[in-house]
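Breakdown of the fold
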Amino acid sequence: MSDSREPSPAAHGLTSVVIVTADSGVGVGDSVVRVLRSTAPVEIVVVDNASRDGSIEQLAARFAQDASLRILRNAENLGFGTACNRGAAMARGDAVLLLNPDCLIEGDTIARLRAALDADRRLGLLGVLQAGADGRIDPASRRRDPLLRRALMSASGLARFAARWPTLAGVDMPANENAATLEPVDAVSGALMLLPRVVFDQIGGFDEGYFLHCEDLDLCRRVRDAGWLVACANAVRVVHGKGGSSRHRPVFVAWHKRSGMWRWFTKFDPAARRPLLRVFVRCGIWAAFAASVPLLLLRRRRGARAP
């Protein structure tokens, strides 16, 4: 394994899978095994954000003889987007797959996504339908830009009437059984995103002003603003366990989620140009955070007590 950050010329047909870990548990090994079983040529770059749970040491020992896996260890937690950028800088493939450590892909997942990219050169970023262990599709798989109006529709519950009144549409974009196999959307979940290397480099990767949450929405928006399509491969599904490292730090995660929401709002939402509305939104975001803290701490305490 190598910790070199020097990029090499992109290898045609090779997909560089970047996995960011942060006390993600031993389950990351299962994700790596799934990737290594891919029918498409792959390499894996694991970027660790200062894990202390021993998972990275176990991963390094388990795959010590596999040249397809490289590990970059950060001395501190740099955040998700920054870590992805560091991993992409080490990548040698002509496509970059950003993959959460709790996502389990199938042997043909990468090959199918690469085929979709090859078939339509307008595609700049591709996601999939993600499902929990119970088979339910994660609403975050396909989303609209979280403009203030849409966020209010989702928060108020009015979005559930969007099928009848489209103006009530919220942030989530529910999967439709009659939808096209490949469907343009505003954004997909950062748990699995495939980009041609040239697109990732052209937009400068992730905005490192985010630490955790909403950086995927930002990336998708900038891909679209650069003239590329963002799409969801509705025929491709992966199991996403969700929250491997987040469960232990719910308040930390909630804080950075709200920070990310505010950054996205000020960068992209036209409503942010109205001073009074900016104040209203800022107060609302942090009031919601303050109200959530007691419940988050209670859930964490109950989880710690569970056998």
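Residues numbered from 1 in each chain as written. Predicted model: local features only at pLDDT ≥ 70, side-chain atom pairs only at ≥ 80, totals over all residues. Heavy atoms only, no water.

1. So, the overall build of the chain
For clarity, the cut-off: Numbered from the N terminus, helices here are DSSP runs of H or I no shorter than four residues, and strands are runs of E no shorter than two. In this description the radius of gyration comes from C-alpha coordinates, and the expected globular size is given by 2.2 Å times residues to the power 0.38. Only protein chains enter the accessibility calculation, which uses a 1.4 Å probe. A residue is then buried if its area is under 20% of the maximum for its type, exposed if over 50%, and partly exposed in between. Contacts are assigned to residue pairs with any non-hydrogen atoms lying within 4.5 Å of each other. Method for areas: the Shrake-Rupley scheme with a 1.4 Å probe, in which residue coverage is limited to the protein chains shown. Asp and Glu count as negative and Lys and Arg as positive, but His and the ends of the chain are not part of the count. Every charge is mapped to an atom, namely NZ of Lys, CZ of Arg, CG of Asp or CD of Glu.
From N to C terminus, the chain includes nine helices and eleven strands. Since a compact globule built from 307 residues should have a radius of gyration of about 19 Å, the 19 Å found for the chain is in line with a globular shape. Put simply, the chain has 307 residues, and 50% of those count as buried. In the chain, of all internal contacts separated by at least 6 residues, the share reaching a separation of at least 24 is 81%. When the accessible surface of the chain is summed, it comes to about 15,100 Å², and 55% of that surface belongs to carbon and sulfur atoms. Side chains of the chain give 42 positive and 31 negative charges; the mean places of these two sets differ by 8 Å.

2. Some words on the packing of aromatic side chains
Threshold: Under the pairing criterion, centres of Phe, Tyr and Trp rings, with the six-membered ring standing for Trp, must be within 6.5 Å; the plane angle then separates stacked pairs below 30 degrees from edge-to-face pairs above 60, leaving the rest tilted. Throughout this description, the term charge over a ring refers to an Arg CZ or Lys NZ atom that lies within 6 Å of the ring centre and within 35 degrees of the ring normal.
Throughout the structure, instances matching the rule amount to nine aromatic pairs. On the basis of an interplanar angle of 45° and a centroid distance of 4.6 Å, the ring pair of Trp 255 and Trp 286 is categorised as tilted. You can see Trp 255 sitting in helix H8 (residues 250-268) and its partner Trp 286 sitting in helix H9 (residues 275-305), a full 31 residues away along the chain. Under the relative-accessibility criterion, Trp 286 is labelled partly exposed at 22%. Note on Trp 286 and Phe 289: the rings are 5.7 Å apart at their centroids and 80° apart in plane angle, and the pair reads as edge-to-face. Here the residue Trp 286 and the residue Phe 289 both occupy positions in helix H9, the gap between them amounting to three residues, near one helical turn. An aromatic cluster is built from Phe 80, Phe 200 and Phe 206, whose rings are joined through pairwise contacts. Cation over ring: Arg 164 sits above Trp 165, and NZ or CZ is 5.4 Å from the ring centre. Sitting above the plane of the Tyr 210 ring, Arg 263 keeps its charged end 5.5 Å from the centroid.

3. Things to note about the confidence of the model for the chain
We count it as follows: For every residue, the predictor states its confidence as a pLDDT score lying anywhere from 0 to 100.
For the chain, mean pLDDT is 91; residues scoring 70 or higher make up 93% of the total. Across residues 1-8, where pLDDT falls below 50, the model places 23 contacts with residues more than four positions away in sequence or in other chains.

4. Some points on the environment of Ala 22
Its place among the elements puts Ala 22 in the loop between strand S1 (11-21) and helix H1 (28-36). Taking relative accessible area as the criterion, Ala 22 reaches 12% and is therefore assigned buried. Considered as a pair, Ala 22 and Gly 79 are 57 residues apart in the sequence and their alpha carbons are 9.1 Å apart.

5. Things to note about a nonpolar patch on the surface
Heads up, the condition is: Residues form patches when they are more than 30% accessible in relative terms and have no salt bridge. Like charges link within 9 Å. Nonpolar side chains (Val, Leu, Ile, Met, Phe, Trp, Tyr) link within 5 Å. Here, a salt bridge means any side-chain nitrogen of Lys or Arg that lies within 4 Å of a carboxyl oxygen of Asp or Glu.
Among the surface-exposed residues, Leu 158, Phe 161 and Trp 165 lie close enough to one another that they form a single nonpolar patch of about 280 Å² accessible area. Tracing the chain through its elements places Leu 158 in the loop between helix H5 (148-156) and strand S8 (182-184). Overall, the relative accessible area of 35% leaves Leu 158 in the partly exposed class.

6. Some remarks on the environment of Ala 133
Within the secondary structure layout, Ala 133 lies in the loop between strand S6 (123-131) and strand S7 (142-143). Each C-alpha atom of the pair Ala 133 and Gly 27 lies 14 Å from the other, and the pair is 106 residues apart in sequence.

7. Re unusual backbone geometry
In terms of backbone geometry, most residues other than glycine have negative phi values and most peptide bonds are trans. A positive phi is found at Ala 50, a non-glycine position, where the angle reads about 55°. Along the chain, the position of Ala 50 falls in the loop between strand S2 (42-49) and helix H2 (55-62). In the Ramachandran plot, His 213 falls in the positive-phi region, its phi being about 85° despite a non-glycine side chain. Position of His 213 relative to the elements: it lies in the loop between helix H6 (197-202) and helix H7 (215-225). Accessibility expressed as a relative area gives 30% for His 213, which makes it partly exposed.

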